[in-house]
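# Coordinate analysis (summary)
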Amino acid sequence: MGRTRARDTEHPQARLDQGGLARIVPSEFTSGFELIVDDTPQSHVDPDDPTHLHFEYIVRMGAVIDQLPAGALTAVHLGAGAMTIPRYVEATRPGSRQQVIELEGPLAALVREHLPLPRGAAIRVRIGDARAGVQKLPPALTGACDLVVSDVYSGAQTPAHLTSVEFYRELRELLAPSGVLLVNVADGPGLAFARRQAATVAEVLPEIGILADTQVLKGRRFGNLVIAASATPLPTEWLPRMLAAGPHPAKIAQGAEVASFIQGARVVTDADAVASPRPDASLFLR
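Note that the structure is a prediction, hence the values are computed from the model and not measured.

Pairing within the open sheet is mixed, and its 8 strands lie in the order β7-β6-β5-β8-β9-β11-β10-β12. Pairing within the sheet leaves two strands with one partner each, and these edge strands are β7 (123-127) and β12 (251-254). Strand-to-strand twist in this sheet, taken as the mean axis angle between neighbours without regard to direction, amounts to 15°. The pairing of strand β10 (residues 207-212) with strand β11 (residues 223-230) spans 5 bridges and is classified as antiparallel. Among the inter-strand pairings, I208 is bridged to a residue of β11, identified as A229. The strands that helix α2 (residues 84-92) touches are β5 (74-78), β6 (97-102), β7 and β8 (145-150); relative to β6, the one it contacts most, it runs at about 175°.

Right, let's get into the pattern of salt bridges. Pairing between side chains of opposite charge can happen when the charged atoms of each approach one another. Within the structure shown, the criterion is met by 8 salt bridges. Here R60 ties to E56 by a salt bridge, and the two come within 3.3 Å at their closest N and O atoms. Here R60 pairs with E56, and both are found in helix α1 (residues 56-67), just 4 residues apart, close to one helical turn. Looking at R60, the relative accessible area reads 3%, which means it is buried. When the shortest N-O distance is used, the salt bridge between R131 and D270 registers 2.9 Å. With R131 in helix α4 (residues 130-135) and D270 in the segment after α9 (256-262), the pair connects residues that are 139 residues apart, well separated along the chain. Taking the relative accessible area as the measure of exposure, R131 reaches 11% and is therefore buried. For D270, a relative accessible area of 39% translates into the label partly exposed. Connected through shared salt-bridge partners, R131, E170 and D270 make up one network.

Here 4 strands make up an open sheet; going across it, the order is β1-β2-β3-β4 and the pairing antiparallel. A strand with exactly one partner marks an edge of an open sheet, and here the two such strands are β1 (13-15) and β4 (40-45). The sheet shows a mean angle of 20° between the axes of neighbouring strands, direction not considered. As paired elements, strand β3 (residues 33-37) and β4 share 5 bridges and run antiparallel to each other. Within β4, the residue paired with L35 across the bridge is S43.

A word on the side chain of Q98. When you line up the elements, Q98 lands in strand β6. Side-chain polar atoms of Q98 contact the backbone oxygen of P86, separated by 3.0 Å. Apart from the residues within four sequence positions on either side, Q98 is in contact with A75, H77, I85, P86, V89, E90, A122, I123 and R124.

With that out of the way, let us pick up empty space enclosed by the protein. Tallying each qualifying case throughout the model produces 2 cavities of 30 Å³ or more. Looking at the largest cavity, its volume works out to about 60 Å³. Together, 13 residues line the largest cavity, and T158, L162, Y168, V183 and N184 are the ones closest to its centre. Sorting the residues of the lining of the largest cavity by element identifies β9 (175-187) and α6 (192-204) as the ones contributing at least two each. Looking at the lining of the largest cavity element by element, the count peaks at 3 residues for β9. Taken together, the residues of the lining of the largest cavity sort by class into 7 nonpolar, 5 polar and 1 charged. Counted as a void, the second largest cavity has a volume near 30 Å³. Contributing to the lining of the second largest cavity are H44, V45, D46, P50, H52, T84 and R87. Broken down by secondary-structure element, the contributors of at least two residues to the lining of the second largest cavity are β4 and α2. Looking at the lining of the second largest cavity residue by residue, the classes come out as 2 nonpolar, 3 polar and 2 charged.

Conventions adopted
- Residues numbered from 1 in each chain as written.
- Predicted model: local features only at pLDDT ≥ 70, side-chain atom pairs only at ≥ 80, totals over all residues.
- Heavy atoms only, no water.
- Pairing = 2+ DSSP bridges.
- Helix = DSSP H or I, 4+ residues; strand = E, 2+ residues; numbered from the N terminus.
- Axes fitted to C-alpha atoms, helices over the stretch in contact; angles between N-to-C directions.
- Contact = heavy atoms within 4.5 Å.
- Salt bridge = Lys/Arg side-chain N within 4 Å of Asp/Glu carboxyl O.
- Buried < 20%, exposed > 50% of the residue type's maximum accessible area, 1.4 Å probe, protein only.
- Polar contact = N/O pair within 3.5 Å; in protein donor to acceptor, adjacent residues only side chain to side chain.
- 1 Å grid on protein atoms, 1.4 Å probe; cavity = no way out; pocket = protein on both sides within 12 Å on 5 of 7 lines; lining within 4 Å.
- Points joined across faces, edges and corners; volume = space filled by probe spheres on them.
- Nonpolar A, V, L, I, M, F, W, Y, C, P; charged D, E, K, R; others polar.

Next up, the structure:
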């Protein structure tokens, strides 16, 4: 049985514009630090080893990124928290050009001060709403991104306007012909929200894979699913073996399995979009 994280004033913290309190605390379970917003763990960062990915779904995102063609990447990250994935890309693909859009200025300032980015990293942080921020990105990024990551949470939920087919079409415009979109989706038993998200992404980018713990993918417990999508076949030749090996065993659903997963699920539009389900607070007790 896990214990809840202590509320204290000993660690760096910032009051957010949208409400809530962000704190940076030493990890209780491994090296490095965690960014906690209220009681929700948002990010894990190990400044001494940016390739150390602790959260399970982040490990799976890293596994997909590792399959992309060798060399520096052009990437856009929506909602990067403590910027775990931008740090990982910088460490594994030096010279990458990255843009981060973060809603909360106080959170970005907290991270900059207490978990500074690597010196010389080409990571530009923009403050604002993710969807509005995408529309303000430099025109040179249109059709030029090897990687777009959508991992936006307000508290423990993804805002509704970042779940629609119209939104994903805007992200598609950023991608290079073989570029990959990664979307973090959190859902619980039944996976009604995740099925609609997968159907919505597939409406925009036909080549799709879903990475998750087997029990989560079967809808037996709340957890994170990573949707990977592209206009061209995904570079997943080695992924099934890597995911099964761990350190957090998982699988990737593709082809007929994805078709079965999304069968009957309606595509989400701006008119009927809803925020992702709110997890039970006990999920974050370790």
